[in-house]
Amino acid sequence: MGPPGAGKGTQAQLMEESFRLQPVSPGDLLRREVHQGTSLGRQAQEFMDAGQLVPDSIILRLVAAELDRLEPSRGFLFDGFPRSSSQAAQLDKLLSERSRGIACVILLELEDAAILGRLSLRRVCPACARSYHLEQNPPRVEGQCDDDGTSLIQRSDDREEVIGKRLEVYHQSTAPVVEHYRQQGLVRAIDASQAIETVREQVAEILGACLF
Ligand code: AP5
């Protein structure tokens, strides 16, 4: 968990490689629907472009389908889910139906002031969802994804006015969910203003302790 631009997607991808965890990212799933021009994608885009949460009915359908599609014997790494108290309750239900539970909640903490710089210089691959930063984490070839060579794009919700709204929604709807998990003793916080590699080492240490 963590605010927009804290590095959730970047770290989820690194942990997928190190721990064979399967990322479940509603943001990526939604962008894939938008990219494919599906009716669900068209419904979701309006909310995403406004920096608001997409309705739970859409998110829960996507997450449940993804859990059914993925390999059940490997763990899941949720990125950007749950984002509200109602989603947290639904996640408990989805997991208990599959006899699974939450091992830990990793919180990437980053001040609002640092977020704009990160997001305005972010570029993403529309095909595989990998994200880059023009200064901190650039692609090997300018403008092209390292993995598949697709031309990188700027996300439509990485505009200054939308970033402000996304931050507001994070503080209002998602921060209380962090508190809910903190009371259960599940939260491990990391200073996400550190270098990507330093954050990666700390996330890996926490996951190693939680999972094994
Ligand atoms: P989503 O895609 O989940 O966006 P987000 O939570 O706002 O997070 P971001 O993807 O912007 O940031 P990130 O933390 O993954 O950072 P990243 O690793 O890319 O959601 C988008 C929208 O979808 C929502 O607004 C909503 O409309 C909808 N949605 C999604 N989930 C939903 C849900 N559960 N319910 C309802 N609606 C939902 O890194 C950012 C940049 O910084 C990159 O350029 C990266 O290279 C760079 N970077 C990363 N780490 C570092 C570092 N340590 N130092 C320097 N640069 C770094």
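Source: prediction; values computed, not measured.

Enquirer: So what exactly am I meant to see when it comes to the site of the ligand here?
Expert: In the vicinity of the ligand there are 36 residues, among which Thr 10, Gln 52, Arg 83, Arg 122 and Arg 166 approach most closely. Within the contact set of the ligand, an oxygen atom lies 2.6 Å away from a backbone nitrogen or oxygen of Gln 52. His 133 places a polar main-chain atom, nitrogen or oxygen, 3.4 Å from an oxygen atom of the ligand. For the ligand, the accessible surface in isolation is 1,000 Å², of which the surrounding protein chains cover 96%. Among the secondary structure elements, those contributing two or more residues to the shell around the ligand are helix 1 (8-19), helix 2 (26-36), helix 6 (112-120) and strand 5 (131-133). Broken down by element, the residue count for the shell around the ligand peaks at four residues, all from helix 2. Residue composition of the shell around the ligand, grouped by class: 15 nonpolar, 13 polar and eight charged.

Enquirer: I tried to follow the pattern of salt bridges on my own but got confused; where do I start?
Expert: Where side chains of opposite charge bring their charged atoms close, a pairing between them can arise. All chains considered together, the criterion is met by 16 salt bridges. The salt bridge partner of Asp 68 is Arg 98, with a shortest N-O separation of 2.8 Å. Of the two residues, Asp 68 is situated in helix 4 (residues 56-69) and Arg 98 in the loop between helix 5 (85-97) and strand 3 (105-109); the sequence distance between them amounts to 30 residues. Residue classification places Arg 98 among the partly exposed positions, given a relative accessible area of 25%. Three or more residues joined by partner-sharing salt bridges are found here, namely Arg 122, Arg 155, Asp 157, Asp 158 and Arg 166.

Enquirer: Just checking my understanding: could you explain the layout of surface pockets for this structure?
Expert: The method is simple in principle: a probe with the dimensions of a water molecule rolls over the atoms, and the space it marks as empty is what remains. Counted as a void, the second largest pocket has a volume near 600 Å³. What lines the second largest pocket is a set of 28 residues, among which Phe 76, Leu 77, Phe 78, Cys 104 and Val 105 lie closest to the centre. Those elements giving two or more residues to the lining of the second largest pocket turn out to be helix 1, strand 2 (76-78), helix 5, strand 3 and helix 8 (196-211). The element that contributes the greatest number of residues to the lining of the second largest pocket is helix 1, accounting for four residues. Residues that form the lining of the second largest pocket fall into these classes: 21 nonpolar, four polar and three charged.

Here is what the cut-offs are and how they apply
- Residues numbered from 1 in each chain as written.
- Predicted model: local features only at pLDDT ≥ 70, side-chain atom pairs only at ≥ 80, totals over all residues.
- Heavy atoms only, no water.
- Near = heavy atom within 4 Å.
- Polar contact = N/O pair within 3.5 Å; in protein donor to acceptor, adjacent residues only side chain to side chain.
- Areas by Shrake-Rupley, 256 points an atom, 1.4 Å probe, with all protein chains shown as cover.
- Helix = DSSP H or I, 4+ residues; strand = E, 2+ residues; numbered from the N terminus.
- Nonpolar A, V, L, I, M, F, W, Y, C, P; charged D, E, K, R; others polar.
- Salt bridge = Lys/Arg side-chain N within 4 Å of Asp/Glu carboxyl O.
- Buried < 20%, exposed > 50% of the residue type's maximum accessible area, 1.4 Å probe, protein only.
- 1 Å grid on protein atoms, 1.4 Å probe; cavity = no way out; pocket = protein on both sides within 12 Å on 5 of 7 lines; lining within 4 Å.
- Points joined across faces, edges and corners; volume = space filled by probe spheres on them.

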